[in-house]
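Letter by letter, the chains look like this.
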Amino acid sequence: MQVDRDPVTVAEAVDDPWTMALRQFVQVAQRLGLKRGIQQYLMVPERELTVNFPVKMDDGSVRVFTGYRVHHSLVRGPAKGGIRYHPAVSLHEVRALAMWMTWKCALMNLPYGGAKGGVVVDPHTLSRDELERLTRRYAAEIAVFMHPHGDIPAPDVGTNAQVMASIMDTYSMHRGHSIPAVVTGKPVVIGGSVGRAEATGRGVMLVAREAARLFGLPWEGATVAVQGFGNVGSVAARLLQEAGCRVVAVSDVRGGIYADRGLDIAAVQQHAAATGSVVGFPGAAAVSNAELLELPVTILVPAALEGQITAANASRIRARMIVEGANGPTTPEADAVLARNGVVVVPDILANAGGVVVSYFEWVQDLQAFFWDEAEINRRLERLMVQALHQVAATARATGLDLRQAALQRAVQRVAEALTVRGIYP
Ligand code: GLU
């Protein structure tokens, strides 16, 4: 990759997440007047690992899978970020997600750099044993990067606490003793943190509630649509409902459901657990994922994948506020349209930071081998989320920027400052 070329032409396509991440960064870097060298350094991942590895399948055949682990920046501390199992994983996507982790950790002032990993696989097509073998082999392949003070993975789309347990165990077996701090989002019984499984969704709810207060939007009875019913979307939907909102629509990969009087999210969770999807929930109408995004609700929570709100549909968004549970759901073109239409967008690096915040708590607890209770975790999470929102809103007010630009500006500035203070080696 050549760093001197126009960043937009470096990447493959206009809707490519890496193009998007670069365009966001360049805009902020130029506004901050970052020196050319610093800008160029932060425009490229520090290191990237591609692994092609074999896995023995249950039928005795061998399949070769491709995976990645990208370190975007290590300037502020160990590389931190999740591992995604999805058929559409690509190096460009993992790069973008790694860069966003750098900004997210910097914005939340966690002592971490940014990383991301991924395997090109649909985990639902594997048996439990195949998934475990794939995970253990991938962990062994990226173990050259992993270390409790170097690179600490966590769950993301398509992975969960059990996958983290396999990673922790594989890494520990090779060292001869248990090393829980090498991965976060583990089951509590092996050094995970209480509250971690719900943390991203809880953070979404906390930020939505505070943003509603801050921007004068209704809260009690506010209508909500949530795209994505995985670890982030399902928890956010349930906690938003418990906090007094009316969740009228939710969706997953197979489609969505809508009920104007509000959905009983605990019942939808049970239905999804039993049938594999929210689709077909009794008493609700069907909506497509695209239709869900355009519903006239107070709060829209995109909690699925990147590139959902684009130039093609942004003008039809009728939500008053978007709280980004997913990473990169809104393209820069869409941001401009939403800003013109007065839609408040609480950006991903702030809105979904609850996950990595409690990952940080988990890591700290593992390192000191001293564990906090859930009330303590949730209290600390709320304080950090609310404080970060207020700081970003204050920057936005002072500069006239939207919340995404303000958040990115605060984050990039922190990383650039750390880089400047540390200096260039040798
Ligand atoms: N995958 C989550 C994210 O995108 C969590 C990362 C972590 O906890 O390290 O923020």
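In this text, all values refer to a predicted model and were calculated from it rather than measured experimentally.

**Student:** Mind showing me how you'd approach the site of the ligand here?
**Tutor:** Of all residues adjacent to the ligand, which total 14 residues, the nearest are Lys80, Lys104, Pro155, Asp156 and Ser359. A distance of 3.2 Å separates an oxygen atom of the ligand from a polar atom in the side chain of Arg196. For the ligand, whose unbound accessible area comes to 300 Å², protein coverage reaches 95%. For the shell around the ligand, the per-class residue count stands at four nonpolar, five polar and five charged.

**Student:** Help me understand the pairing of strand β4 (residues 113–120) in this model?
**Tutor:** Moving residue by residue along a regular strand, the side chains alternate between the two faces of the sheet. Across the eight residues that make up β4, a large majority, seven, are buried. Pairing analysis gives six bridges linking strand β2 (residues 62–73) to β4, with the strands arranged antiparallel. If you follow Tyr68 over to β4, its bridge partner there is Gly118. The pairing of strand β3 (residues 79–86) with β4 spans six bridges and is parallel. Considered in β4, the bridge of Lys80 is made with Gly114. Between the parallel pair β3 and β4, the chain is carried across by helix α4 (residues 91–107), and the sense of this crossover is right-handed.

**Student:** Mind showing me how you'd approach the nonpolar core here?
**Tutor:** In globular proteins that are soluble, nonpolar side chains generally tend to be buried together. Phe25, Trp103, Met108, Val250, Met321, Val323 and Val346 are the most contacted members of the largest nonpolar core, which has 95 residues in total. At ten residues, the largest contribution of residues to this core is made by helix α15 (residues 403–422). Taken together, domain 1 (46–180) and domain 2 (199–351) each give at least three residues to this core, which thus spans both. The contacts of Met108, once residues within four sequence positions are left out, are Ile349, Leu350, Ala353, Val357, Leu384, Met385 and Ala388. Among the nonpolar cores identified, the runner-up in size contains 25 residues, and Val55, Val119, Tyr138 and Ile142 belong to it.

**Student:** Help me understand the environment of Val28 in this model?
**Tutor:** Structurally, the position occupied by Val28 is in helix α2 (residues 17–32). In sequence terms Val28 and Ala411 are 383 residues apart; their C-alpha atoms lie 9.9 Å from each other. Contacts of Val28, omitting those with residues within four sequence positions, involve Gln405, Leu408, Gln409 and Val412.

**Student:** Mind showing me how you'd approach the sheet that holds β4 here?
**Tutor:** In spatial order, the strands read β1-β2-β4-β3-β5; together these five strands make up an open sheet with mixed pairing. In this open sheet, the two strands that pair with only one neighbour each are β1 (47–56) and β5 (151–155). Taken over all neighbouring pairs, the strand axes of this sheet differ in orientation by 25 degrees on average, direction set aside.

**Student:** It is not clear to me how the side chain of Glu362 should be interpreted in this structure. Could you clarify?
**Tutor:** Structurally, the position occupied by Glu362 is in helix α13 (residues 354–368). For Glu362, a relative accessible area of 0% gives the class buried. There is a polar contact of 2.8 Å between the side chain of Glu362 and the backbone nitrogen of Gly185. Filtering out sequence-adjacent residues up to four positions away, Glu362 remains in contact with Val183, Thr184, Gly185, Lys186, Gly191, Gly192, Ser193 and Arg196.

**Student:** Explain the side chain of His72 to me, please; I cannot follow it from the model alone.
**Tutor:** When you line up the elements, His72 lands in strand β2. On the basis of relative accessibility, which here comes to 3%, the residue His72 falls in the buried class. Within polar-contact distance, the side chain of His72 engages the backbone oxygen of Leu42 at 2.8 Å. At a separation of 2.7 Å, a polar atom in the side chain of His72 contacts the side chain of Thr102.

**Student:** How do you make sense of the domain arrangement of the protein chain when you look at a structure like this?
**Tutor:** Interface size, as often reported, equals the accessible area lost upon joining of the parts. Domain boundaries assigned for the protein chain yield domain 1 (46–180) and domain 2 (199–351). In this structure, domain 1 and domain 2 have C-alpha centres spaced 27 Å apart. Contacts between domain 1 and domain 2 engage twelve residues on the former and seven residues on the latter. Both faces considered, domain 1 and domain 2 share a buried interface measuring about 800 Å² in area, 64% of it formed by carbon and sulfur atoms. By the criterion of area lost to domain 2, the three top residues of domain 1 are Trp100, Lys104 and Leu107, representing 51% of everything that side buries.

Rules used throughout
- Residues numbered from 1 in each chain as written.
- Predicted model: local features only at pLDDT ≥ 70, side-chain atom pairs only at ≥ 80, totals over all residues.
- Heavy atoms only, no water.
- Near = heavy atom within 4 Å.
- Polar contact = N/O pair within 3.5 Å; in protein donor to acceptor, adjacent residues only side chain to side chain.
- Areas by Shrake-Rupley, 256 points an atom, 1.4 Å probe, with all protein chains shown as cover.
- Nonpolar A, V, L, I, M, F, W, Y, C, P; charged D, E, K, R; others polar.
- Buried < 20%, exposed > 50% of the residue type's maximum accessible area, 1.4 Å probe, protein only.
- Helix = DSSP H or I, 4+ residues; strand = E, 2+ residues; numbered from the N terminus.
- Pairing = 2+ DSSP bridges.
- Right-handed = clockwise from strand over helix to strand, strands pointing away.
- Core = buried A, V, L, I, M, F, W, Y, C linked by side-chain atoms within 4.5 Å.
- Domains from an automatic or database assignment.
- Contact = heavy atoms within 4.5 Å.
- Axes fitted to C-alpha atoms, helices over the stretch in contact; angles between N-to-C directions.
- Buried area = accessible area lost by both parts, 1.4 Å probe.

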